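# Breakdown of the fold
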Amino acid sequence: MANFATEQTEQTELIKSLREPAIYPHPVTAVEVLETHISYVLLAGDFAYKFKKPLDLGFLDYSTLAARKFFCEEELRLNRRLAPHLYLDVVSIYGSSTAPRFVAVDGEVPIEHAVRMRRFRQEMLFDRLAQSGGLHDEHIDSLAEVIAAFHRDIPPAGVGTPYGTAAAIEAPLRQNFAQLRPLLDTPVEHAELDSIEQWSLREYTRCVEVGIFAARRATGCVRECHGDLHLGNVAWLADTPDTAPRAIPFDGIEFAANLRWIDVISEVAFIVMDLHARGFANQANRFLNRWLEQNGDLGFGGLALLDFYLVYRAMVRAKIARIRASQSDTCATERQTALSDYAALTALARRFAEPRRCALILMHGVSGSGKSVLAATLCENIDAIRIRSDVERKRLHGLTPMARSHAGVAAGLYSAEATRATYEELARLARQILQSGRPVLVDACFLRAEERAAFRTLAET
């Protein structure tokens, strides 16, 4: 314990010393320090240096210098998948905490390690854009497309790995509540936490009993994801000066493999939850539907787990808020903000746990009449899942949602047989979504009475 406390004291001194611009091997006029519950980020000139705090919080262990170096290297590897131009290298610090250097002398050993990143303007973070009123549909659409492509490209968990099993899902679920409980102050808070935990464990048990976790793992939906996908970990940046800006996720989880080798719907739930938490419910639904359009094969089956993961993600963030409130270096204003965040997040978790009112809604009309525009607006306002005939028709034929079919109205994708298969697929997906407890809107022409009748029958069941 003494060594652990010493490392914390020495790192605090080191961060203070690294505020001196002259220490850096590149032009720096001033150094800005950002702090989270697990790290320091020093903004210096054109670069940012991320230091991991010497902590052991149970779900992460940075308590030794060797561990911090290993996890710096893991952070570089993992985050280069989504932000290769941001993550540059791992640098070592030499000398002492009061006189640090970036260059070794006479083969000396490092005293600390950091991830070096390319610096960007903090107002380009999605949470800052949300706060300033600058988060728009183009940002949400870009993020959905980036994450959908990322999820498609990363390989699924291997058969012999422990990831995505019921046990692997249960462990962090229980751990989150166990780690949060000692941080609470009042009997009311404990009772509220007990209620959310009981709901979560009931949902977990239900999912185990009906085999959803096993089915998702077997169909390749458990992958090495980002793991910490909230608005504060996404920036609106250009890859190069000559390209248009896009959503760039960064700062994924490196400290625990089981927290990033997860069902892709758990990752999606994090950004959906965070948008709701910040008052962007319509954009949350827009993101979800956009991602589902791109990744229906990975996504529709996971909707039965979405509420479970929305509650889990809200409570993960609630725990982070409570940890920050409890840390000794947190000032009174920051502590009050953290406690307010905790209260809001637990209230949101309770809302996600409430039953939804189901509905089956059909659009109806000829092509070009504005159905899809109206459908998108409706879905954002009533929190419904949209399934589109154009998208599912292409998916059935191995095409991407945005692919051009180059087919005549009565041939290829639009033959009578292809249309019949498309409506059957829409009915299958509608049934699956309704069984997950969510309202569904079917965006198709429905020009034939028998097509509409089939869905009336589905609604009646």
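The following paragraphs examine the structure supplied in this document. Just so it is clear, the model here is predicted, and its values are computed rather than measured.

### Observations regarding the overall build of the protein chain
Per the secondary structure count, the protein chain includes 17 helices and 13 strands. Compactness check: the protein chain gives a C-alpha radius of gyration of 24 Å against a globular reference of 23 Å for 461 residues, within 12% of the reference. Across its three principal axes, the protein chain shows a C-alpha extent of roughly 80 × 55 × 45 Å. Per-residue burial over the protein chain gives 52% buried out of 461 residues. Taking the intrachain contacts of the protein chain between residues at least 6 apart in sequence as the baseline, contacts between residues at least 24 apart amount to 70%. Total accessible area on the protein chain stands at roughly 20800 Å², and carbon and sulfur atoms take up 54% of it. Seen as two clouds, the 53 positive and the 58 negative side-chain charges of the protein chain have centres 4 Å apart.

### Observations concerning the pairing of strand 3 (residues 47–52)
Counting buried positions along strand 3 gives six out of six residues, so the element sits mostly inside the fold. Covered by surrounding structure in strand 3 are Phe47, Tyr49 and Phe51 together with Ala48, Lys50 and Lys52, the residues of both alternating faces. Where strand 2 (residues 39–44) lies against strand 3, six bridges are found, and the strand directions are antiparallel. When the bridges of strand 3 are listed, Val41 appears paired with Lys50. From the end of strand 2 to the start of strand 3, which pair antiparallel, there are two residues, and Gly45 there has a positive phi angle of about 65°.

### Thoughts on the sheet that holds strand 11 (residues 360–362)
Strands sit in the order 11-13-12 across an open sheet of three strands; the sheet is parallel. Every other strand in the sheet has two partners, leaving strand 11 and strand 12 (385–388) as the edge strands with one partner each. Looking at each pair of strands side by side, their axes are set apart by 20° on average, direction ignored. One ladder, built from three bridges, connects strand 11 with strand 13 (residues 440–443); its direction is parallel.

### Notes on the environment of Leu305
Tracing the backbone through its elements, the reader meets Leu305 in helix 12 (residues 303–326). For Leu305, a relative accessible area of 0% translates into the label buried. Sequence spacing of Leu305 and Pro25 is 280 residues, and the spatial spacing of their C-alpha atoms is 49 Å. The residues touching Leu305, leaving out its near neighbours within four places in the chain, are Cys207, Ile212, Phe213, Arg216, Asp263 and Ile265.

### Description of the side chain of Glu451
Residue placement: Glu451 occurs in helix 17 (residues 449–460). If near-sequence neighbours (up to four positions away) are discounted, Glu451 is found in contact with Thr419, Tyr423 and Phe446.

### Regarding helix 17
Between its terminal C-alpha atoms helix 17 stretches 16 Å, which fits the 16 Å expected from 12 residues at 1.5 Å a residue. For helix 17, the set of buried residues is Glu451, Arg452, Phe455 and Leu458. For helix 17, the angular spread of buried residues about the axis comes to 115°, placing them on one side. Every exposed residue of helix 17 that faces more than 90 degrees away from the buried side is listed here: Arg456 and Glu460. Each element contacted by the buried residues of helix 17 is listed here: strand 11, helix 16 (416–435) and strand 13.

### Here's the deal with the pattern of salt bridges
According to the stated counting rule, one finds 44 salt bridges in the structure shown. In this structure, Lys53 and Glu35 form a salt bridge, with 2.6 Å as the shortest nitrogen-oxygen distance. Highlighted residues: Lys53 in the loop between strand 3 and helix 2 (65–79) and Glu35 in strand 1 (residues 31–35), separated in sequence by 18 residues. Classification of Lys53 as buried rests on a relative accessible area of 7%. The exposure class assigned to Glu35 is partly exposed, which follows from its relative accessible area of 33%. Through salt bridges with shared partners, a single network forms among Asp137, Asp141, Glu145, Arg286, Arg290 and Glu380.

Parameters and conventions
Residues numbered from 1 in each chain as written. Predicted model: local features only at pLDDT ≥ 70, side-chain atom pairs only at ≥ 80, totals over all residues. Heavy atoms only, no water. Helix = DSSP H or I, 4+ residues; strand = E, 2+ residues; numbered from the N terminus. Rg over C-alpha atoms; globule rule 2.2 N^0.38 Å. Buried < 20%, exposed > 50% of the residue type's maximum accessible area, 1.4 Å probe, protein only. Contact = heavy atoms within 4.5 Å. Areas by Shrake-Rupley, 256 points an atom, 1.4 Å probe, with all protein chains shown as cover. Lys, Arg positive; Asp, Glu negative; His and termini not counted. Charge placed at Lys NZ, Arg CZ, Asp CG, Glu CD. Pairing = 2+ DSSP bridges. Axes fitted to C-alpha atoms, helices over the stretch in contact; angles between N-to-C directions. Expected span 1.5 Å × (residues − 1). Arc of directions from axis to C-beta. Salt bridge = Lys/Arg side-chain N within 4 Å of Asp/Glu carboxyl O.

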